[in-house]
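Residue-level listing of the chains:
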Amino acid sequence: MTSSSDAILTIKGLNMQFGGIKALENIDFQVPRGSITALIGPNGAGKTTVFNCLTGFYRATSGKIELNAHKTKTSVTSVLGESFKASDLWQPVRFGRRLYYKLFGGSHQVNRAGLARTFQNIRLFKEMTALENLLVAQHMQLNRSFLAGIINTRSFQKSEENALNKAWYWLEQLDLINEGNQLAGQLPYGKQRRLEIARALCTNPELLCLDEPAAGLNPQETAELAKTLNTLRSEHKLTILLIEHDMGMVMKISSQIVVLDHGLVIARGSPDQIKNDPAVISAYLGTEEETGVPEHEPALA
Amino acid sequence: MDLSTLLQQLVNGLALGSVYGLIAIGYTMVYGIIGMINFAHGDVYMISAYVTAIVIALLTFFGIESFPIILLGTLFFTILINSAYGWTIERLAYRPLRQSTRLAPLISAIGVSLVLQNYVQISQGARSQGVPTLMSGSFRLEMAEGFIQVSYTQLLIIVVALLGMALLTWIIQSTRLGRECRATQQDRKMAMILGINTDRVISTVFVIGAAMAALAGTLVTLNYGTFDFYIGFIIGIKAFTAAVLGGIGSLPGAMLGGILLGMSESLFSGMVNTDYKDVFAFSLLVLIMIFRPTGLLGKPEVEKV
Amino acid sequence: MAIDYQYSNKPDSLSSNELLFRIRKSLLDAFITTLLALAVFGPIVGLELDGYDFQLQLKSLVSILGVIFTGRLVASLFFQTSQGEKLLEKFSRKDTSIRVQPLNQKAANGYWIIALFMLAGLMVPFLASKYWITVIILGMIYVLLGLGLNIVVGLAGLLDLGFVAFYAIGAYGLALGHEYLGLGFWSMLPLAALLAALSGALLGFPVLRMHGDYLAIVTLGFGEIIRLVLNNWTQFTGGPNGVSAPAPTLFGLEFKRRVKEGTPFHEYFGLSYDSAYKFIFIYLILFALVWAVLYINHRLTKMPVGRAWEALREDEIACRSLGLNHVLVKLSAFMTGAAVGGIAGVFFATYQGFVNPTSFTFFESALILAIVVLGGLGSTKGVVIAAFVLTVMPEVLRDFSEYRILMFGLLMVLMMIWRPRGLVRMTRSSFQPPQTVRQAMEGVR
């Protein structure tokens, strides 16, 4: 485990229950700043549930999720809006904060705190162009004044121009410059995946969470993706957390791997440690097998 | 307000609420199975009122005077014809839109609602219509101060509504058809893979909803006597309110919601103001949506990310 | 299906046996359909209630059934032929009907057309009769309503079935503001927009956080609440009798024949009194306002907020993951739409001279929705055309007014089946890449 002082994301005692089913139990792990951390595990282990909890799409039943980005510490559970407590009566500041998050909180606040994500089943704005997708992602950084936009003031034009430049920049980084003016829904699958990453990057995140980014890509595209992720980490100082089934890629690029099984963290460590961890091997292959780690786990998501 | 008036209002509310409950079933089942608000459902109810009057007129024309036969005959024909409406509407206006945008079926439903209203208006005239009083008389319960009066038709409404509910619950819980319905509601794609003809199941749900609305339409028409082509609109929103109150997608919820709405509405009109009873019901809808969108018996919706 | 089509679709190789079989099948199809139609139409069309009695309307029933039988038969036979199958395939194909405007092709002659329309529109009040001016005013009011609802339904993808409530708030705002506060047309115009937007916010904020479809029914209820309150609160709103609404003034000049103080418009300019002046004036203000709203609408689609609306329509979850507060974004659409509806209401009140609750029924909401749907959900041009067609046509074809709503309903259903995105093709704007990127693009090639 890494020291807690430089963790961009700290998850402590995370529990998630759907009705009577315990999907996650006491999940603990940290994502060190500047790392590529992979979250792996067999199908149904709860990886996407963890993702949805820490990106604010699910409200965790209990536990702490703390994001330390943009120089502030944000508790993901509290920006989603917690229920009021009796003690709020004599703590007006806390009451006010709770009321604010109750009214205006939600998963969008998590993004604003510096975390961007992609989805397992790509969620692009299919009937908008690739560029427009990236412009929407910059919504919070733009001049949103009604009046300025309608009169088309100088500052408004400037803000739009900056947004376009940034959009083109990320298109270039992800090798999509020829697709800028095409409808997102009409792009080939691999390019849609990349566009979704570009769109997430347009929100200026410090932590990028990718849900099975290599699913459905061919080996060559996967290799390129691995290269891109490495570049993002080294040149753009991003931290990356990913769920992935492609063990080849995971072992190659991750600096830390967290293994989930049946809603529990069964192992944490460097790729080499994980490769030889008996608990991981038995989770993937059953208890009898002792030899090696599967190179490819069939991605049946 | 004394006790007897209060009880009287509650009894009236129970009868009214049973009707809301029966109509709410159509909303709740359709919403449960294809996640769509069938705006035309209130107008299907309106059709049943017309069919009831027409069948009664036909039966009296053929010289049938016995009340039980008229009642059974009317119920039979109204349910039959309304089911045909339910099936046809689903087949023509909703099924082609299964893969369309989210808004499309809703807009189509509004279109169907307009068509039904205008079509009845054209063929039956805009004036309000009525049926003769076939069953009069009432029970009277004397109390310490005042009395409670329960008319036979009110009693009929409550009993038939409960019977209809019981039958439907049995169908859904214990028959093969019911099992298919529940499976389709849980996961349509999986049900399809397992060999269930989900299109047919959805059609059946529309037919069941229309049949229940027919039951309500016949009973209400026998009780109140008059109706016009516009009645479906208001009662439709109210029945939807009942469905939401009970928890949309839940069958017992629809009945519970119906009865609660009926009772609170009749208490409101008895104690506060009759003019604003519709305003009260609609405000209730807005308030439930805000404070308890899952209703009383509904399950919270888990967003699929 | 495709394989089937390959093998069975050779008309010349069709044996007479097979042909007979097909005809029999089509006949059976038509017969079953007609039987169903008999159940559906039989009682309602065939037996007209007359008191507690009924009258047989065999003629209309038989003609409906006849049309259905032949229609089904012909369709069934036709769709078995090769042309029919081709047509069927063409209809079932997914047509996205959205295209991106090519980079170097900008709307060059668009300005000419706009200028032409502006000029023609400005001439109308001086050439047309008073009757036609009023008809066109009504048309323009519906253009405003359509544009307002288009923001909500077309752009943001929120189904608002109580839009008439905001229209009513605007109209009654003018009438009651004049009655109780002595406010005139010009002060009520912005106030009504504000009032409508505020009530939209009050209703929308709690409801918009919920599942999208609920909004439809809540707004439906809200529209009805407003109408019922207007109808029942007799002391304040005048109940079913309504209230009178003031006409607009030109820098304080009134358009009445006689005024209590000051001089009326015609005397000031030395003209003889004509009741058409008031309508010409309303026409001109409304005309300017419609263009302003059209321009704002055009700008909105190029602004962050407009893009956010469309993105929200496409995928709410993705929007949230990008830091957009979906509730506030939806609310901004809802409020903007409501404000436009409120403005339309002010014009309606001043045009009619009085308002009463019968103008604000659910049918009105449905009509506005029909305008937006037929105009093509999101297309401004389409909304303008549809608004005029749906409001002016009934004036021309008065004989068919009875069937008007039936037609709207049918069109709504058919449009959703055939073209859920509307009649007009959507065009998305494209952006010129910056210099550096262009060089890189050429390098790639």
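The model shown is predicted, which means the values in this text are computed figures rather than measured ones.

Asks: Residues and numbers for the packing of aromatic side chains, please.
Replies: The tally for this structure, following the rule as stated, stands at 33 aromatic pairs over all chains. Considering the side-chain rings of C:Phe287 and C:Trp291, the 6.2 Å spacing of their centres and the 75° angle between planes classify their relative orientation as edge-to-face. With C:Phe287 and C:Trp291 both in helix 12 (residues 276-300) and 4 residues apart, the pair spans about one turn of that helix. Judged by relative accessible area, C:Phe287 falls into the buried class, the value being 10%. One aromatic cluster is present, built from ring pairs that chain together C:Tyr167, C:Tyr172, C:Phe279, C:Phe348, C:Tyr351 and C:Phe360. The lysine or arginine in question, A:Arg123, covers the ring of A:Phe119, its NZ or CZ lying 5.6 Å from the ring centre.

Asks: So what about the pairing of strand 10 (residues 264-269) of chain A? Which residues, and what values?
Replies: All names here are of chain A. As paired strands, strand 9 (residues 256-261) and strand 10 are joined by 5 bridges and run antiparallel to one another. Its bridge partner lying in strand 10, Leu260 is registered against Val265. Turn length for the strand 9-strand 10 hairpin, with the two strands adjacent in sequence and antiparallel, is 2 residues, and the turn residue His262 shows positive phi of about 50°.

Asks: Explain the interface of chain B and chain C to me, and be specific about the residues and the numbers.
Replies: Residue-level contacts link 69 residues of chain B with 56 residues of chain C. When chain B packs against chain C, close to 5800 Å² is buried across both sides, 75% of that on carbon and sulfur atoms. Our enumeration of links across chain B and chain C arrives at 0 salt bridges. For the interface between chain B and chain C, the tally reads 4 residue pairs in polar contact (both at pLDDT 80 or more). When residues of the side of chain B that touches chain C are traced back to their parent elements, those giving at least two are helix 2 (41-61), helix 3 (67-94), helix 4 (103-124), strand 1 (129-130), helix 9 (231-246) and helix 11 (277-291) of chain B. Sorting elements by how many residues they give to the side of chain B that touches chain C places helix 4 of chain B first, with 17 residues. A class-by-class count of the residues in the side of chain B that touches chain C yields 48 nonpolar, 14 polar and 7 charged.

Asks: Provide a residue-level description of a nonpolar patch on the surface, including the pertinent values.
Replies: Residues and elements named next belong to chain C. Residues Tyr131, Trp132, Ile385, Val389, Met393, Val396, Leu397, Phe400, Tyr403, Met407, Leu410 and Leu414 make up a contiguous nonpolar surface patch of roughly 1100 Å² in combined accessible area. Elements that contribute at least two residues to the nonpolar patch include exactly helix 6 (130-155), helix 17 (380-396) and helix 18 (404-418). By secondary structure assignment, the location of Met393 is in helix 17. Judged by relative accessible area, Met393 falls into the partly exposed class, the value being 41%.

Criteria and cut-off values
Residues numbered from 1 in each chain as written. Chains lettered and ligands numbered in written order. Predicted model: local features only at pLDDT ≥ 70, side-chain atom pairs only at ≥ 80, totals over all residues. Heavy atoms only, no water. Phe/Tyr/Trp six-rings, centres within 6.5 Å; stacked < 30°, edge-to-face > 60°. Helix = DSSP H or I, 4+ residues; strand = E, 2+ residues; numbered from the N terminus. Buried < 20%, exposed > 50% of the residue type's maximum accessible area, 1.4 Å probe, protein only. Lys NZ or Arg CZ within 6 Å of the ring centre and 35° of its normal. Pairing = 2+ DSSP bridges. Contact = heavy atoms within 4.5 Å. Buried area = accessible area lost by both parts, 1.4 Å probe. Salt bridge = Lys/Arg side-chain N within 4 Å of Asp/Glu carboxyl O. Polar contact = N/O pair within 3.5 Å; in protein donor to acceptor, adjacent residues only side chain to side chain. Nonpolar A, V, L, I, M, F, W, Y, C, P; charged D, E, K, R; others polar. Patch = residues over 30% accessible without salt bridge, like charges linked within 9 Å, V, L, I, M, F, W, Y side chains within 5 Å. Areas by Shrake-Rupley, 256 points an atom, 1.4 Å probe, with all protein chains shown as cover.

Just distances and angles here, no functional claims.
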